[in-house]
Amino acid sequence: MGERLRKLGIRLAQARSTALFQPATELPAAVLARTLGIDITVAVTWQRAAAGDGGAYAAEVSRRHHDV
């Protein structure tokens, strides 16, 4: 399957990076690591690269607890 995707011009590593970029901007590294099953150091690297700080995530979780 990987070979077929490469022939179509789809680079798997690049697609994976793109897919990880958005959650890394929104989630704290610890949540990202636990959710994706990756090492915390990798999650921190992704978060720094995406310039995310997890603040929006913490605010959202806080609002959810008040709504319950």
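Residues numbered from 1 in each chain as written. Predicted model: local features only at pLDDT ≥ 70, side-chain atom pairs only at ≥ 80, totals over all residues. Heavy atoms only, no water.

Draft legend 1. Examining the nonpolar core more closely. Counting eleven residues, the largest nonpolar core is built from L20, A24, L27, A29, V31, L32, A33, I38, A43, W46 and A50. Of all the secondary structure elements, the ones that give two or more residues to this core are α2 (12-26), α3 (29-36) and α4 (40-50). With four residues, the single largest contributor to this core is α3. (Core = buried A, V, L, I, M, F, W, Y, C linked by side-chain atoms within 4.5 Å. Buried < 20%, exposed > 50% of the residue type's maximum accessible area, 1.4 Å probe, protein only. Helix = DSSP H or I, 4+ residues; strand = E, 2+ residues; numbered from the N terminus.)

Draft legend 2. Quick peek at the pattern of salt bridges. Using the criterion set out here, one finds one salt bridge in the structure. One salt bridge connects R6 with E3, and the closest N-O pair in it is separated by 3.4 Å. Of the two residues, R6 and E3 are both situated in helix α1 (residues 2-7); the distance of three residues between them amounts to about one turn of the helix. (Salt bridge = Lys/Arg side-chain N within 4 Å of Asp/Glu carboxyl O.)

Draft legend 3. Representation of the packing of α3 against α4. Two numbers describe how α3 lies on α4: the axes approach to 8 Å, and their chain directions differ by 120 degrees. Judged by the inter-axis angle, α3 sits oblique to α4. The interaxial crossing formed by α3 with α4 has right-handed handedness. Each of A29, A30, L32 and A33 in α3 lies in contact with α4, whose residues at this interface are I40, A43, V44, W46 and Q47. When its residues are assigned to classes, the contact of α3 with α4 shows eight nonpolar, one polar and no charged. (Axes fitted to C-alpha atoms, helices over the stretch in contact; angles between N-to-C directions. Parallel < 35°, antiparallel > 145°, perpendicular 65-115°, else oblique. Left-handed = near helix turned anticlockwise from the far one by under 90°. Contact = heavy atoms within 4.5 Å. Nonpolar A, V, L, I, M, F, W, Y, C, P; charged D, E, K, R; others polar.)

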